[in-house]
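As a plain string of letters, each chain reads:
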Amino acid sequence: MKGVDRFVMKNSVMFATLGSLFLLSSNISYADTYSFTNKKPVIASNIKPSWLHIEGSFFYDGETDDLVTAGHGFTQLSQARIENQFVNDNTPTAVELRKARLNRYIDIKTGEGTFFGFKQQSLTPLFDGRVAGTEIQASLKNGDEKVNFLLQIPLDFNKHNPCIVAIPSIDVDGLYNPTDIQIRGLWGLKHDCAVVYNDKGLGNGLFDITNQNGYLINGQVAKQTVDDDNLLFSLTPGLTAQEKYTNRYAIKQLYSQQSPEQKWGQYVLDSITFAFYEINEMFSPTNEAIFNKDNTLVLVYGTSDGGSAALKAGELDHDGIIDGIVAVNPQIQIANNKDVPLLITHGQLPAKPLMTKSLIDYSSYGALYIPCAVLALKEDSIAKPIPYSDTFYFANNRCMALKEAGLLSANTPLEQANEALEKLYQYGWTSAMTYQLPYYYYTQSTNLPYRYISQYGRYSVQDQLCGYSVASIDTEELYNDGAIEPLGKDIFPLLWAKNDGSLPIKLDNRSIVIDLVNDNDPDGPHREFYSRSKNSHIVDYNLSGVLCLRDQLDEQRVNEGLSQVFATGNLNQIKTIIVHGQLNVKNLPNYSSRAYVALNSHVEGDAANLKYIEVENASYLNSEYPFDNSLVPIDYYGENAIDWLWSNLTKNTALPDSQIIRTHPRGGQIGLAPTITLHNIGSIEKNVTKNNRIIQVNGTINLPD
């Protein structure tokens, strides 16, 4: 039973006739959820799954501490950047670390606090965005496999119209990602739902190889021991890696050799099982599971990698557990299948084949040519400032190295740069995206393709894939060439609060402290962005390393791992809204959301319940510096989408058309853009004109001009 019909049933008979309810199993298989004896239903007991380990439970009063802001409150977070406070930097407490983790400056000029997230109009001095309730830390443990969960049950949990919002973590971040909690999680808590997070088997599991130290689920540092499996991530006890190098670190996605992405969807379902178990433990007067998939609204709401996990959970849900999904900028990949021809059209133009590419393909291709193409963008920056283009001091060198490698044919540096830019256009980037490329490369570099190639190929630290490792970096501010330096003793205990599981890693406003390094640099190991190719005497951003990564695309082990993460496009008719930024340079629309929407229309046909929202002037970045004047906040449309979904499921209102949202950036100078208004961002509309309507049918996606 789905949507508003189920809610009518709940209001009229749910608690009067508990015996008539179909119950969600607490087992991993989600099978045999109910049984009958002489036509009388048997109410299932609330059984704790064998894989579930409760790590801790805490109640927050909503005043001194709370579920969303760790006691800071919206006003404090939105007025100024707050300095983190620790009594002892070497041994911060779990409370201090959580408070630091949720210490996120909220720039209200982006619209957060007015149009999405905290709503200032509903806040008072007594209620400043703090939400009281219970927080439970838990994990799934199955041999070396470990996934972490965080469940938040608000004090105002609605027992009469129960709901659960499952949030797979954004990218490779852990449980306490502040944007997940303060935007997506806050939405669920404000609707009196239980909110459950999972780290997708990744999390911010940084491990200090030299000292054999890692983090617990609460962020505190602990030493790895032979029989200890409580760390977020660790290498085999006693195993030393890269013995000729020091100051090295391991990250779970890169070196766990588990490739958890293939199970992201299952982990979301597991998190929902955990949530059902706990709310039944908390509210059932007996040991019976009074909350179940048939009387509890279940939503999944994820962004980026979390958006991919949300969609994959829908593909695995054959038991009707999930009622609705919102996926924002999903990092979703589909296989090229000649038996499933996908097409794309723009306006009245003829349909063209929608050729898909994998993330590791196009991200490594971008890492190959962007450092040279930046030189062409620098010419444009005279008329329009292009963020971070002035940091590429060695763009000429990369262009020359590409020419020598036979990958460019032009002769002068500027001609080579324009040729590199044209290659990027042919591979899927658009001219409207290019002003983001210097920032995208500076912050992602080869980290993005490297981490996925290492994951899919299940490479270990010892493999030293393409001569890369993760190391601590010199933090000298005046002159820094990316050399390796030991990490200060007071830094590692604090990194959990600022580490999002990816690279590079910063600490507060200091320079980068840990990043990917090139161990094959002739001048010794250096941070990738300042390094030389093997056997080269000039800094060329390590072209040889990127070429090595491109070679891995032909490796069987990498392709086997990649094949395990391809999506099917079958969402089991679950009501779903995908939101994607049209200028997303990280997850290119053609190869991710557009391809997935087309595939879904082919697989599910007329039974499909997928709506697609594409947003002009939106990317994976969120209208913050240095793109405050040029991008609109993508998170606004994610919240707008889940509001539509909620209304449909609880009030039986119609879902909106698939559509393009026309937007108007704030303008002004970088860092000084005016406060956003509804004129800038608009909203998702129920019915749109032909000029804005997206149509997906029989494997074809038609986009308006």
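Caption draft 1: The arrangement of the sheet that holds strand 12 (residues 297-303) in detail. As summarised here, the arrangement of the 10 strands in space is 3-4-5-7-6-12-13-20-21-22, forming an open sheet in which the pairing is mixed. Two strands bound the open sheet, and with one partner strand each, they are strand 3 (52-60) and strand 22 (659-661). The average undirected angle you get between the axes of adjacent strands in this sheet is 15 degrees. Bridging between strand 4 (residues 133-142) and strand 5 (residues 145-154) involves 10 bridges; their strand directions are antiparallel. Paired with Asn142 across the bridge in strand 5 is Glu145. Contacts from helix 7 (residues 305-316) reach strand 6 (163-168), strand 12, strand 13 (324-328) and strand 20 (575-581) within the one sheet, and its direction differs from that of strand 12 by about 145 degrees.

Caption draft 2: Examining the sheet that holds strand 23 (residues 695-697) more closely. Read across the sheet, 4 strands follow the order 15-14-24-23 without closing on themselves; strand pairing throughout is mixed. Edge positions in the open sheet fall to strand 15 (352-353) and strand 23, since each of these has one partner strand only. Sheet topology places strand 23 next to strand 24 (residues 700-703); 3 bridges connect them, and they run antiparallel. Within strand 24, the residue paired with Val697 across the bridge is Thr700. The sheet strands contacting helix 16 (residues 593-604) are strand 14 (343-346), strand 23 and strand 24, and the helix crosses strand 24 at an angle near 130 degrees.

Caption draft 3: Spotlight on the nonpolar core. Grouped together as the largest cluster of nonpolar side chains are 144 residues, with contacts concentrated most on Trp429, Leu495 and Ile514. Apart from residues lying up to four places away in sequence, Trp429 is in contact with Tyr362, Tyr365, Gly366, Leu424, Leu437, Val585 and Leu588. Ranked by size, the runner-up nonpolar core spans 59 residues in total, among them Ala275, Ala313, Ala327 and Ile694.

Caption draft 4: Layout of the side chain of Ser454. As for its position among the elements, Ser454 is in helix 12 (residues 447-456). On the basis of relative accessibility, which here comes to 1%, the residue Ser454 falls in the buried class. Apart from the residues within four sequence positions on either side, Ser454 is in contact with Leu254, Tyr255, Tyr459 and Leu465.

Caption draft 5: Structural context of the state of the cysteines. One pass over the full model with this rule turns up 3 disulfides. Across a sulfur-sulfur distance of 2.0 Å, Cys163 and Cys193 are joined as a disulfide pair. One disulfide, between Cys163 and Cys193, carries an S-S torsion of -95 degrees and so falls in the left-handed class. One end of the pair, Cys163, is in strand 6; the other, Cys193, is in the loop between helix 4 (178-190) and strand 7 (194-198), and 30 residues separate them in sequence.

Caption draft 6: Structural context of the packing of aromatic side chains. Per the stated rule, a full pass over the model turns up 34 aromatic pairs. Consider the rings of Phe283 and Phe291, whose centres lie 6.3 Å apart with planes at 90 degrees: the pair is edge-to-face. Ring geometry for Tyr636 and Tyr637: centres 4.8 Å apart, planes at 75 degrees, overall edge-to-face. Across the pair, Tyr637 and Tyr636 agree in class, each one buried. Connected via pairs of aromatic rings, a cluster forms that spans Tyr388, Phe392, Tyr393, Phe394, Tyr435, Tyr439, Tyr441, Tyr442, Phe529, Tyr530, Tyr541 and Phe627.

Caption draft 7: View of the environment of Ala138. Tracing the backbone through its elements, the reader meets Ala138 in strand 4. With 397 residues separating them along the chain, Ala138 and Asn535 place their C-alpha atoms 49 Å apart.

Analysis parameters
Here the residue numbering is sequential within each chain, running from 1 through the sequence in written order. Per-residue local features are limited, in this predicted model, to residues with pLDDT of at least 70; the limit for side-chain atom pairs, both in listing and counting, is 80 or more; totals at the level of whole chains, interfaces and linings are taken over all residues. Excluded from the side-chain calculation are hydrogens and water; included are all heavy atoms of the structure. One requirement defines pairing of two strands: DSSP has to find at least two bridges between them. Secondary structure elements follow DSSP: runs of H or I no shorter than four residues count as helices, runs of E no shorter than two count as strands, and numbering proceeds from the N terminus. Every axis in this analysis is a line fitted to C-alpha atoms, fitted for helices over the stretch in contact. Angles between the N-to-C directions lie between 0 and 180 degrees. In this description, contact between two residues means that some pair of their heavy atoms is separated by no more than 4.5 Å. By convention a nonpolar core is built from buried Ala, Val, Leu, Ile, Met, Phe, Trp, Tyr and Cys residues, the set being connected through side-chain atoms within 4.5 Å. Type-normalised accessible area, obtained with a 1.4 Å probe on protein chains alone, sets the label of each residue: buried when under 20%, exposed when over 50%, and partly exposed for intermediate values. Working definition: a disulfide is two cysteine sulfur atoms within 2.5 Å of each other. The rule is short: rings of Phe, Tyr and Trp, with Trp giving its six-membered ring, pair when the centres are within 6.5 Å, and they are stacked under 30 degrees, edge-to-face over 60, tilted in between.

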